[in-house]
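# Structural overview for review
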Amino acid sequence: MIRKLFKESFTTYIFQIVLIFFAFLANVVVTRILGPEGKGQYDVIINFTLIIRLLSLLGLDIAAAHFIGSRGLEREAVSFNIFFIGIFSTIFFTFGSLFFWNFIPLEYSFVNYVFIASVPLSGLTLISGFILLGNGRIINYNLLESARNVFYLLFLSIFFILFGLNYTKISICYLFGIAATFKLGLFFLYKYQAVRRKT
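Described in the following lines is the structure provided in the data block. Because the structure is a prediction, the values reported are computed rather than measured.

Criteria and thresholds
- Residues numbered from 1 in each chain as written.
- Predicted model: local features only at pLDDT ≥ 70, side-chain atom pairs only at ≥ 80, totals over all residues.
- Heavy atoms only, no water.
- Axes fitted to C-alpha atoms, helices over the stretch in contact; angles between N-to-C directions.
- Helix = DSSP H or I, 4+ residues; strand = E, 2+ residues; numbered from the N terminus.
- Parallel < 35°, antiparallel > 145°, perpendicular 65-115°, else oblique.
- Left-handed = near helix turned anticlockwise from the far one by under 90°.
- Contact = heavy atoms within 4.5 Å.
- Buried < 20%, exposed > 50% of the residue type's maximum accessible area, 1.4 Å probe, protein only.
- Arc of directions from axis to C-beta.
- Patch = residues over 30% accessible without salt bridge, like charges linked within 9 Å, V, L, I, M, F, W, Y side chains within 5 Å.
- Areas by Shrake-Rupley, 256 points an atom, 1.4 Å probe, with all protein chains shown as cover.
- Salt bridge = Lys/Arg side-chain N within 4 Å of Asp/Glu carboxyl O.

This brings us to the packing of helix H3 (residues 75-96) against helix H5 (residues 119-134). Two elements in contact, H3 and H5, have axes whose closest approach is 9 Å; the angle formed by their N-to-C orientations is 160 degrees. In terms of their interaxial angle, H3 and H5 are classed as roughly antiparallel. Remark: the crossing between H3 and H5 carries right-handed chirality. Residues Arg 75, Ser 79, Ile 82, Phe 83, Gly 86, Ile 87, Thr 90, Ile 91 and Thr 94 of H3 lie in contact with H5, whose contacting residues are Val 119, Pro 120, Gly 123, Leu 124, Ile 127, Ser 128, Ile 131 and Gly 134.

Its location among the elements puts Leu 186 in helix H7 (residues 167-191). Overall, Leu 186 belongs to the partly exposed group, its relative accessible area being 35%. Considering only alpha carbons, one finds Leu 186 and Leu 124, 62 residues apart in sequence, at a separation of 9.3 Å.

It is worth spelling out helix H2 (residues 60-68) at this point. Those residues of H2 that fall on the buried side of the exposure criterion are Leu 60, Asp 61, Ala 63, Ala 64 and Ile 68. Axial view of H2: buried residues confined to an arc of 160 degrees, hence all on one face.

Take a nonpolar patch on the surface next. Taken together, the side chains of Ile 33, Leu 154, Ile 158, Phe 160, Ile 161, Leu 162 and Phe 163 present a nonpolar region at the surface, about 710 Å² in accessible area. It is helix H6 (residues 138-162) that contributes the most residues to the nonpolar patch, five residues altogether. Structurally, the position occupied by Ile 161 is in helix H6.

Worth remembering: the numbers are spatial, not functional.
See below:
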């Protein structure tokens, strides 16, 4: 038990370092491309996206880890219900974010809404991670947490080499990175049959 605890704690620590490292690299790339003013707009829209995601999750991410780990409850059924509710809540809050534009120092634009469009995928990825965590899949949870920044940096690199980068292309890279992480989360859920409708 102690050996397993040490192994999983150490693994989580390593993945956290990887996550921070790739987040730092992505931040450096974005800063150099956008400059001070563009980076300021980028930071505002990213933080706004994170706030919308937090509101849209309705606490489902933490509830997933808690209830799935509880005895007497069918894990697959709980996971399915939480994931199903998450689909509707994240989509609802994503469209609802249109009403909050007057409260942030950014003009509404298609490019900015590309960032906002990542909310459902980002939220469901977070729920997937906590479902995996509740099922004892700590390694997969850590992989999912780290993959977001890895995929983001990967798409930034590909776009930079092939097309160059600007604010629009960075928003597309951000969305693609979230989408790739979401697909990885679905793969883990399918592999371990963590989400199934009770029949």
